[in-house]
Amino acid sequence: MEFKRSVLWIIFAVSLMMLFENWQHYNGRPSIFFASPGSKVSQQATSKEPEQLQTEATNTDVVPGASTAVGELLQIKTDVYDATVDTLGGTLSKLTLTQVGNGKPELNVTLFDKTSTHTYLARTGLIGGHFPNHQDVFKALPGPRVLADGENTLKVQLEAPLKDGVQLIKSYTFTRGSYVVEVQHEIINTGTQPVKPTLYTELVRDSTPVETPRFSHTFIGPAFYTAQQHFQKLGFSDIDKGKANTPVRTDNGWIALVQHHFVSAWIAKSGAAREIYIDKINPTLYRIGFKEPVSEIKPGERVTLSDQLFAGPQEERILENVAPGLELVKDYGWVTIIAKPLFWLLEKIHNLLGNWGWSIVVLTFLIKAVFFPLSAASYRSMARMKEIMPRMQAVRERFKSDPQKMNMALMELYRAEKVNPFGGCLPVVVQIPVFISLYWVLLSSVEMRGAPWLGWIQDLSQQDPYFILPILMAVSMLLQTRLNPTPPDPLQAKLMMAMPVVFSIMFFFFPAGLVLYYVVNNVLSISQQWYMTTKSGQASKMKKVRAT
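The written sequence of each chain sets the order in which its residues are numbered from 1. Confidence filtering applies because this is a predicted model: local features only for residues at pLDDT of at least 70, side-chain atom pairs given and counted only at 80 or more, and all residues used for totals across whole chains, interfaces and linings. Note: side-chain values were computed over all heavy atoms of the structure, leaving out hydrogens and water.

**Details of the overall build of the chain**
Phase 1 of the analysis: Helix numbering and strand numbering both begin at the N terminus, where a helix is a DSSP run of H or I of at least 4 residues and a strand a DSSP run of E of at least 2. When you go through the chain residue by residue, the secondary structure sums to twelve helices and 20 strands.
Phase 2 of the analysis: Residues are treated as being in contact if the distance between any of their heavy atoms lies within 4.5 Å. Counting contacts in the chain only where the partners sit at least 6 residues apart, residues at least 24 apart contribute 66% of the total.
Phase 3 of the analysis: Surface accessibility in these figures is a Shrake-Rupley result with a 1.4 Å probe; residues are shielded only by whichever protein chains are displayed. For the chain, the exposed area adds up to about 25900 Å²; of that, 60% sits on carbon and sulfur atoms.

Encoded structure:
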């Protein structure tokens with residue numbers, strides 16, 4: 001019994017630490033418990049001229065920064081995007097995802113954007129000489145700007161001004177129903193000397209946070225993947241501290257900027273050698289990119305390079321089909337091995353029911369069914385402990401001045417009554433990783449955005465507007481506490497009764513999908529515990545009748 005209380009206290013303490021940790025993140029303060037991820041490498045200087053960066057390939061390769069020129073804004077519309085291409089640099093300067101809110105336009109998400117308060121861009125250009133880059137004003141070539149009915153693709157082309165005999169034509173090809181944009185760079189040498197430029201494709205963003213559920217911290221920042229180094233991510237604070245550990249060269253993989261539920265990524269053409277760079281451009285902007293050297297282009301020759309730009313939701317099935325390892329941006333952390341099968345099962349249930357709320361309910365039933373033998377053992381043990389609690393209390397009173405004799409007497413009582421003091425706790429501990437995994441599944445799944453359940457719950461990714469589920473959660477936790485054996489220590493008893501109130505504060509701000517899971521789980525736990533306690537009580541009465 002003492003062991004069980006110790007475990008409960010540990011869980012309570014860890015929960016309070018997690019609550020305070022998430023409160024720190026929510027208020028923009030650094031973590032007090034964990035160091036930021038990232039591997040230490042030699043720190044790169046970040047005190048550059050405004051938006052200028054010296055890269056490491058050669059002493060003259062400069063990936064350019066800002067420009068004072070003004071371009072034309074081209075409005076592009078497809079079935080999944082409302083986009084803006086700025087002729088200044090031919091940059092994709094605004095990108096709104098129009099199909100990510102379960103049919104609710106107010107839940108559309110803008111990834112790329114350039115305003116007075118926020119910058120998030122996908123841009124490209126040439127370095128290695130006085131070549132066209134994102135500082136130059138391109139000319140939009142004639143062509144449609146809207147994906148027409150019956151058409152599968154939309155191609156937008158821009159032509160850069162001639163510089164040092166190098167002509168650059170940039171093309172964006174949008175495909176119906178796809179979050180992958182094919183980006184093509186056609187480099188033409190119209191001069192009299194061979195040229196050997198380097199193509200850069202990069203994502204640029206400030207550290208402006210995105211909306212996330214209160215008291216829930218989710219990752220935002222650069223990430224990359226290669227077959228050699230696998231998945232790596234770095235927060236903006238890691239870059240500030242010089243922890244941007246990137247491979248010098250790779251011929252595969254992708255680079256990305258990750259935020260809650262969404263991601264943008266440049267995907268490398270397999271087999272093409274390139275270099276990854278991650279750095280801070282100025283006090284407010286960060287970037288991650290590829291540099292791809294181009295083979296020598298002789299006068300009159302042309303070279304065409306194709307890349308893919310993904311910008312969309314973190315839906316596992318979509319990400320898996322875009323590039324190897326891209327599904328890892330939906331990061332469950334150390335519980336991935338449990339969380340991924342749980343999401344797979346949740347998705348299968350949704351395919352049958354068509355409602356994410358009811359899918360959560362059914363999944364909770366299935367999990368409780370799987371763990372019923374463990375839960376039953378726990379509840380039987382708790383029921384037996386509750387029965388002998390008066391006798392335990394008498395032993396404590398009798399030997400309160402001699403702890404050693406008290407423990408010996410308690411162990412003798414356990415043996416005589418065939419009670420395992422650890423039996424009520426260990427089955428609960430085994431289930432904790434599953435509960436934590438499902439928490440991350442529901443928090444991380446973009447499928448919950450705008451997904452209704454019933455009645456007043458019209459968005460499972462947002463908090464309950466009328467706090468009905470959190471109130472039910474608090475009531476269920478109080479009922480569970482009353483069903484458990486009362487601790488002999490009055491202070492412990494009061495604290496155990498206070499725990500539901502403390503936890504309920506968090507649940508008032510959690511997404512409705514998460515609270516729905518916990519409410520259903522608690523109701524099922526109460527039902528199981530009441531059934532097992534009643535059954536155990538009846539069995540005890542029968543034993544007493546037989547004994548007499």
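That covers the picture; the talk isn't over yet.
**Concerning the sheet that holds strand 10 (residues 153-159)**
Consider a sheet: its strands pair through backbone hydrogen bonds, and that pairing is either parallel or antiparallel.
Phase 1 of the analysis: One open sheet accounts for nine strands, arranged 9-10-11-12-20-17-16-14-15; its pairing is antiparallel. Single-partner strands in this sheet number two, and they are strand 9 (139-140) and strand 15 (230-233). Here the rule is simple: two strands pair whenever DSSP picks up at least two bridges between them.

**Notes on the pairing of strand 8 (residues 119-127)**
Phase 1 of the analysis: Relative accessibility decides the category of a residue: with a 1.4 Å probe and only protein chains considered, values under 20% of the type maximum give buried, values over 50% give exposed, and everything between is partly exposed. Across the nine residues of strand 8, nine count as buried, placing the element largely inside the fold.
Phase 2 of the analysis: Judged by which residues are buried, strand 8 turns out to be covered on both faces: Thr119, Leu121, Arg123, Gly125 and Ile127 on one side and Tyr120, Ala122, Thr124 and Leu126 on the other are all buried.
Phase 3 of the analysis: Summarising the sheet, strand 7 (residues 113-114) and strand 8 pair through two bridges and their orientation is antiparallel. Note on strand 8: the bridge partner recorded for Asp113 is Tyr120.
Phase 4 of the analysis: Connecting strand 7 to the next strand, strand 8, in antiparallel fashion are four residues.
Phase 5 of the analysis: In this sheet, strand 13 (residues 198-206) lies alongside strand 8 in antiparallel orientation, the contact comprising eight bridges.

**Things to note about a nonpolar patch on the surface**
Phase 1 of the analysis: Together, Leu352, Leu353, Trp358, Val362 and Leu366 make up an exposed nonpolar region whose accessible area comes to about 480 Å².
Phase 2 of the analysis: Sorting the residues of the nonpolar patch by element identifies helix 4 (336-353) and helix 5 (356-370) as the ones contributing at least two each.
Phase 3 of the analysis: Per-element accounting of the nonpolar patch gives the leading share, three residues, to helix 5.
Phase 4 of the analysis: On the secondary structure map, Val362 appears in helix 5.
Phase 5 of the analysis: On the accessibility criterion, Val362 (30% relative accessible area) is partly exposed. In this analysis, a patch consists of residues with relative accessible area above 30% that form no salt bridge, clustered at 9 Å for like charges and at 5 Å for the nonpolar side chains Val, Leu, Ile, Met, Phe, Trp and Tyr. For salt bridges, the criterion is a side-chain nitrogen of Lys or Arg within 4 Å of an Asp or Glu carboxyl oxygen.

**Let's talk about helix 4**
Phase 1 of the analysis: The first and last C-alpha atoms of helix 4 sit 25 Å apart over 18 residues, in line with the 26 Å expected at 1.5 Å per residue.
Phase 2 of the analysis: Along helix 4, the residues that are buried comprise Ala339, Leu342, Phe343, Leu346, Glu347, Ile349 and His350. In a view along the axis of helix 4, the buried residues occupy a sector of 165 degrees, so they form one face of it. In helix 4, the exposed positions angled more than 90 degrees off the buried face are occupied by Ile337, Asn351 and Leu352.
Phase 3 of the analysis: Gly354 sits one or two residues past helix 4 and shows a positive phi near 75 degrees. Multiplying 1.5 Å by the helix residue count minus one yields the expected span of that helix. Here the arc refers to the directions that run from the helix axis out to each C-beta atom.

**Notes on the confidence of the model for the chain**
Phase 1 of the analysis: On average, residues of the chain score 82 in pLDDT, and 80% of them reach the 70 mark or higher.
Phase 2 of the analysis: Contacts for the low-pLDDT stretch residues 1-14, under 50 throughout, to residues beyond four places or in other chains number 30 contacts.
Phase 3 of the analysis: Known as pLDDT, the predictor's per-residue confidence is scaled from 0 to 100. Note on residues 19-61: pLDDT under 50 across the span, and 75 contacts to partners over four residues away in sequence or across chains.

**Description of helix 7 (residues 389-398)**
Structurally, the α-helix is built with 3.6 residues per turn, so residues lying three or four positions apart point the same way.
Phase 1 of the analysis: Of the residues making up helix 7, those classed as buried are Met389, Met392, Val395 and Arg396. Down the axis of helix 7, the buried set is contained in an arc of 115 degrees. They therefore lie on one face. Seen from the buried face of helix 7, the exposed residues on the opposite side, beyond 90 degrees, are Pro390 and Arg398.

**Topic: the packing of helix 7 against helix 8 (residues 403-417)**
Phase 1 of the analysis: Fitting a line to C-alpha atoms yields each axis, with helices limited to the stretch in contact; the angle taken between N-to-C directions then spans 0 to 180 degrees. Where helix 7 meets helix 8, the axes come as close as 9 Å, and the angle between the chain directions of the two elements is 160 degrees. In terms of their interaxial angle, helix 7 and helix 8 are classed as roughly antiparallel. Read as a crossing pair, helix 7 and helix 8 show a hand that is right-handed. When helix 7 is examined against helix 8, the residues Arg391, Met392, Val395 and Arg396 are found in contact with a partner set consisting of Met406, Ala409, Leu410, Leu413, Tyr414 and Glu417.
Phase 2 of the analysis: In this classification, the charged set is Asp, Glu, Lys and Arg, the nonpolar set is Ala, Val, Leu, Ile, Met, Phe, Trp, Tyr, Cys and Pro, and all remaining amino acids, among them Gly, are polar. A breakdown of the residues in the contact of helix 7 with helix 8 according to their chemical character gives seven nonpolar, no polar and three charged. For classification purposes, angles smaller than 35 degrees are called roughly parallel, those larger than 145 roughly antiparallel, those between 65 and 115 roughly perpendicular, and all remaining angles oblique. A clockwise turn of the near helix away from the far one marks a right-handed crossing, whereas an anticlockwise turn of less than a right angle marks a left-handed crossing.

**Points about the environment of Leu141**
Phase 1 of the analysis: Tracing the backbone through its elements, the reader meets Leu141 in the loop between strand 9 and strand 10.
Phase 2 of the analysis: Distance from Leu141 to Ile169, taken between C-alpha atoms, is 9.5 Å for residues 28 residues apart in sequence.

**Description of the environment of Ile318**
Phase 1 of the analysis: Take Ile318: it is sitting in helix 3 (residues 316-322).
Phase 2 of the analysis: Placed 139 residues apart in sequence, Ile318 and Tyr179 show a C-alpha to C-alpha distance of 8.7 Å.
Phase 3 of the analysis: In this structure Ile318 touches Tyr179 and Phe310, once residues within four positions along its chain are discounted.

**Re the packing of aromatic side chains**
Phase 1 of the analysis: Each Phe, Tyr or Trp ring (for Trp, its six-membered ring) is paired with any other whose centre lies within 6.5 Å, and the angle between the two planes then decides the class: stacked below 30 degrees, edge-to-face above 60, tilted in between. Here the structure, examined in full by the defined rule, presents 15 aromatic pairs.
Phase 2 of the analysis: Note on Tyr81 and Phe174: the rings are 6.2 Å apart at their centroids and 75 degrees apart in plane angle, and the pair reads as edge-to-face. On the criterion of sequence distance, the pair formed by Tyr81 in strand 4 (residues 81-86) and Phe174 in strand 11 (residues 166-175) is long-range, its members being 93 residues apart. Here Tyr81 matches Phe174 in class, with each residue buried.
Phase 3 of the analysis: A centroid spacing of 4.7 Å and a plane angle of 35 degrees characterise the contact between Phe236 and Tyr286, whose relative ring orientation is tilted. Remark: Tyr286 occurs in strand 19 (residues 285-293) and Phe236 occurs in helix 2 (residues 236-240); sequence separation between them is 50 residues. No difference in accessibility class separates Phe236 from Tyr286, as the two residues are buried.

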